[in-house]
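Examination of the molecular architecture
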Amino acid sequence: EDQVTQSPEALRLQEGESSSLNCSYTVSGLRGLFWYRQDPGKGPEFLFTLYSAGEEKEKERLKATLTKKESFLHITAPKPEDSATYLCAVQKAPGTASKLTFGTGTRLQVTL
Amino acid sequence: KAGVTQTPRYLIKTRGQQVTLSCSPISGHRSVSWYQQTPGQGLQFLFEYFSETQRNKGNFPGRFSGRQFSNSRSEMNVSTLELGDSALYLCASRADRDEKLFFGSGTQLSVL
């Protein structure tokens, strides 16, 4: 059975304090690994897709990396507006990108 | 361009009743998928519709059903509601050959 585990469940950082979020996955035939961000009262918002081990993608203060067993979301010098729940999800092959298996997320709080 | 619109935003029902939720995708998106989000289980895939046909289905009982209209708008129905159906129901649309899901803000369903 496909499984996605995210750690830690919650993380509190001070502004400027860099850290990493972890996503471990077990899936037969990975098609893609996705990162989404969810703000309270809103639906998830797409951040990145990674397709193969060794791939990296960056967006502002965020950098996502992928290995054969896990993915990391590195947050460099975070700001309070980075506070959100970060969700990791996998797409199994064959299958569409609409059918994702999600982890339960990491709640990030960035304080001044 | 308008985002994904879900109605209603909040809904309160009692056990045994049925409920219909509505989703209007982003213009031009033919794929619409539905997810259930609960604090314990996270996001779980319900089903995906593409051009009025169900393309994928998750592991939910038959009480959960959906449909898609010719204008790509979608509805999901839950019959014989149970307390455990209380959740945030999220709809997402996706453009052809694109991996990004665009989520609505969801319908918060409470079953009493």
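Reference entry: report on the structure contained in this document. Fair warning: this is a prediction, and the values are worked out from it, not measured in the lab. (Residues numbered from 1 in each chain as written. Chains lettered and ligands numbered in written order. Predicted model: local features only at pLDDT ≥ 70, side-chain atom pairs only at ≥ 80, totals over all residues. Heavy atoms only, no water.)

Describing the interface of chain B and chain A
Where the parts come together, the accessible area they lose is often given as the size of the interface. Counting from both sides, the interface comprises 23 residues of chain B and, opposite them, 18 residues of chain A. The contact between chain B and chain A buries some 1600 Å² in all, and 55% of this surface belongs to carbon and sulfur atoms. Taken together, the connections running from chain B to chain A amount to 0 salt bridges. Of all the elements in the fold, those that place two or more residues in the side of chain B that touches chain A are strand S4 (31–38), strand S5 (42–50), strand S6 (53–57) and strand S9 (87–94) of chain B. Along the lines of polarity and charge, the residues of the side of chain B that touches chain A split into 7 nonpolar, 9 polar and 7 charged. (Contact = heavy atoms within 4.5 Å. Buried area = accessible area lost by both parts, 1.4 Å probe. Salt bridge = Lys/Arg side-chain N within 4 Å of Asp/Glu carboxyl O. Helix = DSSP H or I, 4+ residues; strand = E, 2+ residues; numbered from the N terminus. Nonpolar A, V, L, I, M, F, W, Y, C, P; charged D, E, K, R; others polar.)

Remarks on the state of the cysteines
Disulfide: a covalent bond connecting the sulfur atoms of a pair of cysteines. According to the stated counting rule, one finds 2 disulfides over all chains in the structure shown. Covalently, Cys-23 of chain A is tied to Cys-88 of chain A through a disulfide, its sulfur atoms 1.9 Å apart. One quick way to see it: the torsion about the S-S bond of Cys-23 of chain A and Cys-88 of chain A is about -60 degrees, and its sign makes the bridge left-handed. With Cys-23 of chain A in strand S3 (residues 19–26) and Cys-88 of chain A in strand S9 (residues 84–92), this residue pair connects regions lying 65 residues apart in the sequence. Covalent S-S linkage joins Cys-23 of chain B and Cys-91 of chain B, the inter-sulfur distance amounting to 1.8 Å. Taking the torsion about the sulfur-sulfur bond, which here is approximately -60 degrees, the covalent link between Cys-23 of chain B and Cys-91 of chain B counts as left-handed. On the criterion of sequence distance, the pair formed by Cys-23 of chain B in strand S3 (residues 19–24) and Cys-91 of chain B in strand S9 is long-range, its members being 68 residues apart. Like Cys-91 of chain B, Cys-23 of chain B is buried. (Disulfide = S-S within 2.5 Å. Buried < 20%, exposed > 50% of the residue type's maximum accessible area, 1.4 Å probe, protein only.)

A few points about the sheet that holds strand S1 (residues 5–7) of chain B
All names here are of chain B. Taking strand neighbours across the sheet as the criterion, the 4 strands line up as S1-S3-S8-S7 in an open arrangement whose pairing is antiparallel. The open sheet has two free edges, formed respectively by S1 and strand S7 (64–68), since each of these has just one partner strand. Across this sheet, the average inter-strand angle for adjacent strands is 20 degrees, counted without regard to direction. When S3 meets strand S8 (residues 74–78), the two strands line up antiparallel, connected through 5 bridges. Across the sheet, the residue bridging to Ser-22 is Glu-75, located in S8. (Pairing = 2+ DSSP bridges. Axes fitted to C-alpha atoms, helices over the stretch in contact; angles between N-to-C directions.)

Examining the nonpolar core
Within the largest apolar cluster, 23 residues are counted, with the highest numbers of intra-cluster contacts made by Leu-33, Trp-35, Leu-73 and Tyr-86 of chain A. Residue assignment for this core shows that the elements contributing at least two residues are strand S2 (10–14), S3, strand S4 (30–38), strand S5 (45–50), strand S7 (62–66), strand S8 (70–75), S9 and strand S11 (106–111) of chain A. Listed in part, the 21 residues of the second largest apolar core include Val-4, Tyr-49, Leu-81 and Ala-87 of chain B. (Core = buried A, V, L, I, M, F, W, Y, C linked by side-chain atoms within 4.5 Å.)

A short note on the pattern of salt bridges
All names here are of chain B. Considering all chains together, one arrives at 13 salt bridges over all chains under this definition. The salt bridge involving Asp-85 is made with Arg-63; its shortest N-O contact spans 2.8 Å. With Asp-85 in the loop between S8 and S9 and Arg-63 in the loop between S6 and S7, this residue pair connects regions lying 22 residues apart in the sequence. When its relative accessible area of 4% is taken as the criterion, Asp-85 is described as buried. In this structure, Asp-98 and Lys-100 form a salt bridge, with 3.5 Å as the shortest nitrogen-oxygen distance. Its relative accessible area of 18% is what places Asp-98 among the buried residues.

Focus: the environment of Ala-2 of chain B
All names here are of chain B. Checked against the element boundaries, Ala-2 lands in the segment before S1. Look at Ala-2 and you get exposed, because its relative accessible area is 59%. Separated by 70 residues in the primary sequence, Ala-2 and Ser-72 place their C-alpha atoms 14 Å from one another.

Some points on the packing of aromatic side chains
Pairs of aromatic rings are described using the distance from one ring centre to the other and the angle between the two planes. By the definition in use, this model includes 9 aromatic pairs over all chains. Centre to centre, the rings of Phe-102 of chain A and Tyr-35 of chain B are 5.6 Å apart; their planes meet at 90 degrees, and the pair counts as edge-to-face. One end of the pair, Phe-102 of chain A, is in strand S10 (residues 100–102); the other, Tyr-35 of chain B, is in strand S4, on a second chain. Ring geometry for Phe-47 of chain B and Tyr-49 of chain B: centres 5.7 Å apart, planes at 70 degrees, overall edge-to-face. By relative accessible area, Phe-47 of chain B is classed as buried at 1%. Through successive ring pairs, a cluster of aromatic residues spans Phe-34, Tyr-36, Phe-46 and Phe-102 of chain A together with Tyr-35, Phe-45 and Phe-103 of chain B. (Phe/Tyr/Trp six-rings, centres within 6.5 Å; stacked < 30°, edge-to-face > 60°.)

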